[in-house]
Amino acid sequence: MTPLNPRLVDAAAVAACVWPSARPPRLAATAAAVTASRCVWPAFARWPSTCRPLSSHSSPNLASATVAHNTVDILGRSFQLDATSNVGRGILDRVPRRLHLVPGHPLNILQRRIQAHFNARLPGGYAVHDALHPVVSPAQNFDALLVSQDHPSRSPSDTYYVNSDHVLRTHTSAHQAELLRSRQAEAYLAVADVYRRDEIDPTHYPVFHQVEGIRTFARRPDLLVRDAARESWLAGADTTAGASASGFVPASPGNPVQACHSPEESARVADHLRKSLEGLALDLFAHAGVGPDSLRWVDAYFPFTSPSWELEVLFRGRWLELLGCGVVRQEILDAAGCSDRVGWAFGLGLERIAMVLFEIPDIRLFWSADERFLSQFSDGSLDTRFQPYSKFPACYKDVSFWLPQPPAAAASPSDARVRPPFHDNDMFEIVRDVAGDLVEDVSLIDVFTNKKTGRTSKCYRINYRSMDRTLSNSEVDGLQDRVREELAARHA
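Residues numbered from 1 in each chain as written. Predicted model: local features only at pLDDT ≥ 70, side-chain atom pairs only at ≥ 80, totals over all residues. Heavy atoms only, no water.

Draft legend 1. Quick look at the sheet that holds strand β9 (residues 187–195). Spatially, β5-β9-β10-β14-β13-β12-β11 is the arrangement adopted by the seven strands of the open sheet, whose pairing is mixed. With one partner strand each, in any of the chains shown, β5 (126–129) and β11 (295–299) form the two edges of the open sheet. Averaged over all adjacent pairs, the angle separating strand axes in this sheet is 25°, with direction ignored. Both β9 and strand β10 (residues 207–218) contribute to a ladder of nine bridges, which runs antiparallel. (Pairing = 2+ DSSP bridges. Helix = DSSP H or I, 4+ residues; strand = E, 2+ residues; numbered from the N terminus. Axes fitted to C-alpha atoms, helices over the stretch in contact; angles between N-to-C directions.)

Draft legend 2. Local environment of the sheet that holds strand β6 (residues 135–136). With respect to topology, three strands assemble into an open sheet ordered β6-β8-β7, the strand pairing being antiparallel. Looking along the sheet, the strands with just one partner apiece sit at the ends: β6 and β7 (161–163). With two bridges connecting them, β7 and strand β8 (residues 166–168) associate as antiparallel partners. The partner of N163 across the bridge, within β8, is H166.

Draft legend 3. Representation of the nonpolar core in the model. Of all hydrophobic cores here, the largest spans 71 residues; its most connected members are L277, F285, F346 and F366. With seven residues, helix α6 (residues 263–284) is the largest single contributor of residues to this core. Residue contacts for F285: discarding those within four places in its chain leaves V290, V313, F315, L320, L322, I353, V356 and L357. (Core = buried A, V, L, I, M, F, W, Y, C linked by side-chain atoms within 4.5 Å. Buried < 20%, exposed > 50% of the residue type's maximum accessible area, 1.4 Å probe, protein only. Contact = heavy atoms within 4.5 Å.)

Draft legend 4. Structural context of empty space enclosed by the protein. Here the largest cavity is characterised by a volume of approximately 140 Å³. Taken together, 16 residues make up the lining of the largest cavity; nearest its centre are Y205, P206, R432, G436 and D437. Of all elements in the fold, only α1 (89–94), α11 (424–435) and β16 (439–449) reach the threshold of two or more residues within the lining of the largest cavity. A per-class count over the lining of the largest cavity returns six nonpolar, three polar and seven charged. (1 Å grid on protein atoms, 1.4 Å probe; cavity = no way out; pocket = protein on both sides within 12 Å on 5 of 7 lines; lining within 4 Å. Points joined across faces, edges and corners; volume = space filled by probe spheres on them. Nonpolar A, V, L, I, M, F, W, Y, C, P; charged D, E, K, R; others polar.)

Draft legend 5. Broad picture of the packing of α11 against helix α12 (residues 473–491). One way to put it is that α11 packs onto α12 with a least axis distance of 9 Å and a crossing angle of 135°. The angle between the axes of α11 and α12 places the two elements in the oblique class. At the point where α11 passes α12, the crossing takes the right-handed sense. Residues D426, M427, E429, I430, V431, D433, V434 and A435 of α11 lie in contact with α12, whose contacting residues are L479, R482, V483, E486, L487, R490 and H491. Looking at the contact of α11 with α12 residue by residue, the classes come out as eight nonpolar, one polar and six charged. (Parallel < 35°, antiparallel > 145°, perpendicular 65-115°, else oblique. Left-handed = near helix turned anticlockwise from the far one by under 90°.)

Draft legend 6. Structural view of the pairing of β9. The buried fraction of β9 amounts to nine of the nine residues, a majority that puts the element mostly inside the structure. Where burial is concerned, the two faces of β9 agree: the one with A187, L189, V191, D193 and Y195 and the one with Y188, A190, A192 and V194 are both buried. Taken together, the four bridges between β5 and β9 define a ladder with parallel strand orientation. If you follow A127 over to β9, its bridge partner there is Y188.

Draft legend 7. Quick look at unusual backbone geometry. Note the cis peptide between S306 and P307, where omega equals -5°. With respect to the secondary-structure elements, P307 resides in strand β12 (residues 305–315). Notably, L146 is not glycine yet its phi reads approximately 65°, a positive angle. Its location among the elements puts L146 in the loop between α3 (138–141) and β7. Judged by relative accessible area, which is 35%, L146 ranks as partly exposed. The backbone phi angle of R183 is positive, close to 50°, even though this residue is not glycine.

Draft legend 8. Here's a closer look at the environment of A177. As for its position among the elements, A177 is in helix α4 (residues 176–182). Leave out the neighbours within four places in its chain, and A177 touches A144 and A336.

Draft legend 9. Main features of the environment of V162. With respect to the helices, strands and loops of the structure, V162 is situated in strand β7. Overall, the relative accessible area of 2% leaves V162 in the buried class. Separated by 90 residues in sequence, V162 and V72 place their C-alpha atoms 8.4 Å apart. Not counting residues up to four positions away in its chain, the partners in contact with V162 are V72, I74, F79, Q80, L81, S85, V87, V135, V167 and L168.

As structure tokens, this is what we get:
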């Protein structure tokens, strides 16, 4: 069959649909796009469904199994839905999984190793929080961390909004202020699942896991030295300013000390940070023979720390970004009732490190319940090398469509939120909602703008490949039909 020219297929010609249920009716095949499909058997490649409503009868992309009377239940808490809600059922289904708490799972093995490392350095000093609720307010996720109002991370194209007052946390730092405010301990470790709308490929997933560490000290020079000296591994160590062999510089004009901190105070905190996190890196990569000369520090910027750095590890011939860190902004400590404290914080992604340590090639594997995957890992061991148990063929299918035209003017700000500009992440969310982990990657392969009309079309290539079995053509065709229907339903 000769495919239709995608530039002649107009998604806007499909009538908008509104219905009270969370599941859309089947739409005509002439809806948003027409595919040019082909199945291939290439070498190993690299790394569900509702309509966006146009009324208050339903909320976009939310699973019918969890939605009732325009509310959604997430881990025992009920939330009212509104026009900003953009959490798909595929995401909601993963919230209860909490892979970092599953015994024997590689993410659990890694986070427990990190906990053990810090508890050995400061026995009983780190309060561990690994079951924090994933829904937080925008104030917790952004404002408390000094994230600017115009920062792109606030956009619904990047963040999952449960409603206008609640989001799925995008980082463990969303809990930093509440942990500090509790004054439960002088140090904290937060381990949690975090959520970001993202592309589809073997290294990105909309749900991943982070470890956040916070270490605070009394804000007096003599007490700061005393607090640091309590850690036996640091006793007698030089904690004065200066560059380390790994290129660490406590501060620079482009990475400044906070005005409210003295250079000596900031340098002591920064040097404690350096020694602590270099120790963690050497511990995690000890089996690979990584030494101090395989570490390097790079100046960075984060709105919630200053100075700020990233720590990189030279591993198997390439530099791996391990974590981000810095001296906590004093405004954050002050707002949390800790004006008498000063401290440092770090954050790292568990999947990023686990994929390298265990040689796991595809991030989807972390979500597999296949015993052939899970049985390969042992509690307490970072020496496992994942052995692929199968390699199934890929099936590529293309989908093309005209981008929806924005309205001439929004009657009100709330109207503008109903139809934001189409973003690549909107396409990725549709594919995830429909096909879940049966898709290995999605790539944009063509963009065309009609010079006469100003309309723009995009063509995406979807790579269907299961990690556990061979997909049939009819199964993939059915998924592709649903992707087309969802494009029409949500973006007609």
